[in-house]
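These are the residues of each chain, in order.
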Amino acid sequence: DYVDFGDNDAYDVVGAYTVEAWYYLPTYATAATNYIISKYDTVSTPNKSFTFFTSDTGILKARLQLVSAGSTLFTTTTALPRNKWCHVVFTFTGTAVFVYLDSRLVYTTTFAADTIQVGAGNLTLGSATTGSVNAPTAQIALARFWGSALTTQQVEDLYFDNKVPSGAVMEALM
């Protein structure tokens, strides 16, 4: 199953943003991409913005459609553990990306200032906007989307104390 939030202007970020989810992956799905949160039509380039997902080996990845750099893939070396709920966070600042797993920074990189392409694709949980669903057993319990970059301290507060920063433009409890 997946959740489709439609194409709302509030999800059309071009600058800083953060996505967060509690994610459970009991098994790695051979040759499958396990989408966590996306505004990314896998078929139509004008409808691509961003996607946060795991590979068939559980590696956390993100792909952004940047205005200057084009389609850009960010790949961590961190695989999600199987059979355990994990807190995953992806932050884009406009010049850097940060990926957190259970409040620990597991990936960061910097690049020339860029913005995200605004696409007409829907915001979805557990799917790319074309409806490609997760492996059948992957679960998402809670997801949030901010139109700003959360700090490391805010990510830690979310994980340890469930202190939620204001300004979330989407929140889903599943």
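Only a predicted model underlies this, so the values are computations on that prediction, with no experimental measurement involved.

Our next topic: the pattern of salt bridges. Under the definition given, this model contains 3 salt bridges. For Lys39, the salt bridge goes to Asp7, with nearest N and O atoms at 3.2 Å. You can see Lys39 sitting in strand β3 (residues 34–40) and its partner Asp7 sitting in the loop between β1 (3–4) and β2 (17–24), a full 32 residues away along the chain. Here Lys39 falls in the buried class, since its relative accessible area comes to 0%. A salt bridge links Glu20 to Arg144; the nearest nitrogen and oxygen atoms lie 2.9 Å apart. Note that Glu20 is positioned in strand β2 and Arg144 in strand β11 (residues 139–146), a separation of 124 residues in sequence. The pair formed by Glu20 and Arg144 is uniform in burial state, with each residue classed as buried.

What follows is about the nonpolar core. One broad rule of soluble globular proteins: the nonpolar side chains tend to lie buried together. Of all hydrophobic cores here, the largest spans 35 residues; its most connected members are Tyr17, Phe52, Leu64, Val88, Phe90 and Met170. When residues no more than four places from it in sequence are discounted, the contact partners of Met170 are Phe5, Tyr11, Ile37, Leu123, Leu125, Ala143, Arg144 and Phe145. Ranked by size, the runner-up nonpolar core spans 6 residues in total, among them Val89, Tyr100, Trp146 and Val155.

So, about the sheet that holds β3. Taken together, the 6 strands give an open sheet; going across it, the order is β1-β10-β3-β4-β5-β6, and neighbouring strands pair in antiparallel fashion. Here the strands that pair on one side only, and so sit at the sheet edges, are β1 and β6 (70–79). Here strand β5 (residues 59–66) runs beside β6; their pairing, made up of 7 bridges, is antiparallel. Across the sheet, Lys61 pairs through a bridge with Thr75, a residue of β6.

Spatial ordering of the open sheet is given by β9-β8-β7-β2-β11-β12, a layout of 6 strands whose pairing is antiparallel. In this open sheet, the two strands that pair with only one neighbour each are β9 (104–110) and β12 (168–173). Taking the axes of each pair of neighbouring strands and ignoring which way they run, one obtains an average angle of 10° across the sheet. By the bridge criterion, 7 bridges tie β2 to β11 in an arrangement that is antiparallel. By the bridge assignment, Glu20 is partnered in β11 with Arg144.

Moving on to the pairing of β2. Burial analysis of β2 places 7 of its 8 residues in the buried class, which makes it a mostly covered element. As paired strands, β2 and strand β7 (residues 85–92) are joined by 8 bridges and run antiparallel to one another. Each bridged residue has a counterpart across the sheet, and for Tyr23 the counterpart in β7 is Cys86.

For Asp102, which is not glycine, the phi torsion reads 50° and is therefore positive. By secondary structure assignment, the location of Asp102 is in the loop between β8 (96–101) and β9. Here the phi dihedral of Ser103 falls at roughly 75°; this positive angle occurs in a residue that is not glycine. Examined against the element boundaries, Ser103 turns out to sit in the loop between β8 and β9. Exposure remark for Ser103: the relative accessible area of 9% places this residue in the buried category.

What counts, and where the lines are drawn
Residues numbered from 1 in each chain as written. Predicted model: local features only at pLDDT ≥ 70, side-chain atom pairs only at ≥ 80, totals over all residues. Heavy atoms only, no water. Salt bridge = Lys/Arg side-chain N within 4 Å of Asp/Glu carboxyl O. Helix = DSSP H or I, 4+ residues; strand = E, 2+ residues; numbered from the N terminus. Buried < 20%, exposed > 50% of the residue type's maximum accessible area, 1.4 Å probe, protein only. Core = buried A, V, L, I, M, F, W, Y, C linked by side-chain atoms within 4.5 Å. Contact = heavy atoms within 4.5 Å. Pairing = 2+ DSSP bridges. Axes fitted to C-alpha atoms, helices over the stretch in contact; angles between N-to-C directions.

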